[in-house]
Every structure is written in structure tokens, then in C-alpha cells.
Amino acid sequence: MKMKFYLMVSFFLIILLSLSACSLQQTKEDRSWLKVKERGKLIVATETGFAPFTFKTLVNSKDTIVGSDIEMVNEIAKDLGVSVEYKEMSFDNVLATVQSGQADIGISGISITKERQKSFLFSTGYYTAKTKLIVPKNKLNTYTNFDDFAGKDIASQKGSIQENIAKETFSKSNIVSLPQISEMIVELKQDKVDGVLLEEPIAKAYVEKNPTLAISDIDLPSKDSDSYGILLPKHSKSLRNKINKALEPMIKTGKIDQLIESAFKLSINQ
Ligand code: ARG
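- By the naming in an unreviewed UniProt entry, the protein goes by Putative ABC transporter extracellular-binding protein YckB and is assigned to Streptococcus pluranimalium.

1. A closer look at the sheet that holds strand β8 (residues 131-136)
Next, step 1: Strand order in the open sheet formed by 5 strands is β10-β9-β11-β8-β12, and the pairing between neighbours is mixed. This sheet does not close on itself; its edge strands, each paired only once, are β10 (174-178) and β12 (213-215). Across the sheet, the mean angle separating the axes of adjacent strands is 30° when strand polarity is ignored.
Next, step 2: Contacting β8, β9 (153-157), β10, β11 (195-199) and β12, helix α6 (residues 181-189) crosses the sheet at an angle of about 145° to β11.

2. Some points on the packing of aromatic side chains
Working definition: an aromatic ring pair is given by the centre-to-centre distance plus the angle between the planes.
Next, step 1: The tally for this structure, following the rule as stated, stands at 9 aromatic pairs.
Next, step 2: Ring centres of Y126 and Y228 lie 6.2 Å apart, and the angle between their planes is 65°; on these two criteria the pair is classed as edge-to-face. Placement of Y126 in the loop between β6 (120-122) and β7 (127-128) and of Y228 in strand β13 (residues 227-228) is noted, with a sequence separation of 102 residues between them.
Next, step 3: Of the residues examined, Y126 reaches a relative accessible area of 5% and is grouped as buried.
Next, step 4: Geometrically, the ring pair formed by Y127 and Y228 is tilted, given 5.7 Å between the ring centres and 50° between the ring planes. Of this pair, Y127 sits in strand β7 while Y228 sits in strand β13, placing them 101 residues apart in sequence.
Next, step 5: On the basis of relative accessible area, Y228 is assigned to the buried category, the value being 0%.

3. Observations regarding the site of the ligand
Next, step 1: Taken together, the neighbourhood of the ligand is formed by 14 residues, with S108, G109, S111, Q157 and I161 sitting nearest.
Next, step 2: At 2.8 Å, a backbone N or O of S108 approaches a nitrogen atom of the ligand.
Next, step 3: A distance of 2.7 Å separates an oxygen atom of the ligand from a polar backbone atom of I161.
Next, step 4: Within the complex, the protein chains bury 99% of what would otherwise be the 350 Å² of accessible surface of the ligand.

Parameters at a glance
Residues numbered from 1 in each chain as written. Predicted model: local features only at pLDDT ≥ 70, side-chain atom pairs only at ≥ 80, totals over all residues. Heavy atoms only, no water. Pairing = 2+ DSSP bridges. Helix = DSSP H or I, 4+ residues; strand = E, 2+ residues; numbered from the N terminus. Axes fitted to C-alpha atoms, helices over the stretch in contact; angles between N-to-C directions. Contact = heavy atoms within 4.5 Å. Phe/Tyr/Trp six-rings, centres within 6.5 Å; stacked < 30°, edge-to-face > 60°. Buried < 20%, exposed > 50% of the residue type's maximum accessible area, 1.4 Å probe, protein only. Near = heavy atom within 4 Å. Polar contact = N/O pair within 3.5 Å; in protein donor to acceptor, adjacent residues only side chain to side chain. Areas by Shrake-Rupley, 256 points an atom, 1.4 Å probe, with all protein chains shown as cover.

Shown next as C-alpha cells:
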């Protein structure tokens, strides 16, 4: 009898403990929006070598972070009634900074992947990009399939999904991972690497500014995960919901595409 009583008590204790664990978790989730609201400021991690999405240009003779991703976040912040502080860093650090909670969100043309979803939350996807291969223009006809790159060097950005695409598709090539896209382009122009993997709008912007380069016709396998999303720490559900509410109408009305188009023009004319 006594045994039964103890069993019952421990059973209730377990239930009670798991219930309070749940509500603790809940509070943690809910604090993400409250924290931003109380601070009156959204802290955003970004990498700025990714025109037309994120880049720098002179605005009133001041070096300023611009691009369609930046305009998009500025609009969202306006909607939420808070200001924005951008923290600039390398692409792989954008992911690390958001994961450790040192920034509320990350914005940088970040692809929503199953792997990343294990450690992060994402907003609704706002743009779909295909990966392309850039080669020297005079080699366009030399390279017609993956095998032509056997023993050659293919560059991709460190921490990006293109790093994996490169490894999977160019299995006979050497994959070079570099932190900055501008470095990858310089290496390609100096024949230090033979091809560069970038998503289409970024590839187009670089080719436009570098007439000795061209986008190859070689088709790269597209992934189910090519959509860009705003990156958040795993528990920032309330902030994610707020962001989605502001973001979704911008996707539906075609506002995001307009922002990309004008940012593209700005980036190639600067
Ligand atoms: N979309 C790719 C990814 O998420 C590349 C993003 C690179 N972004 C940047 N700002 N450099 O992996």
C-alpha cells in the first residue's frame, strides 16, 4: 500500500516537473520578441559582400550597408516599431553569432536547409535562388561538363551551401573554401581557381562588373532548400512570428522582387 502511495507521489512529481520545464521553455521562447521590444532595437548580423542582397555603397559620402535584404529588414523593423543595428562579419560568423544569441536575427541571403533547421529557426522563405558556375569567358566552350573540371579548382564561400554543392557535384575537383566572394572572384581572374559557385543574382552582379567572366551553361543540381529566409536562434518563436507577419505581405505583393531589382541596379552602377 505504502509502495503504491510513493509510486503515485513520484508519478505526480514527474508530471509537475515536466510541466514546469515546459513553461520555462515557453517563457524563453516568448522573451525573444519582448527583449527586442524593451530594447527598442533589433540587432542584426550580416555579411556585406553579397550584392544585390547585402553590400556597401556611399550614401551622402558615407559608407553604408544597403541591399534588398537590408531594405527588407528595415521595413520589418519599422513595422515592429524598433530601430536596427547591423553587425558586420564573415558569412560563417553570421550563423555562429545568431546561434549564440549575440544577434536577434541574421540576414545575408541565407538558405533554409534541413541541416540548419536543426539548430535555427527561419522566417518564411522570401526568395528562391539557383546555384550557377562562373568561369573565365574565354573558357566557356572548354568546360562543358563536370568531368572537364577533374583536377581543377572550384571555389565556394566558407559556410555556404555552395560548399556542399561543390563537394557533391565536382567530386573529381579540388574544392577551395574562401571567406569572401570578392576573393573568389580575384582568384578566378588570376587563374588561381578555375570556377566559382554562386547563386544566380550574385553571379550576375559579379559578371556584370567583370566582363572577362561569364556564367556557364552547365546545369547544377538544384536543392529543395534554395529558398532564402531570415535566420533566428532556435527558441525565438515569438520574434519569428512577429517578423513573418511583417514579411509575408511584402512577399505576396511582389515588394521583395522590386527591392532586389532596384538593389541590383544600384550595385552595378556604383
Ligand atoms: N545562400 C547561400 C547559403 O545560405 C549563400 C549565402 C551567402 N551569403 C553571404 N552574405 N555571403 O549558404
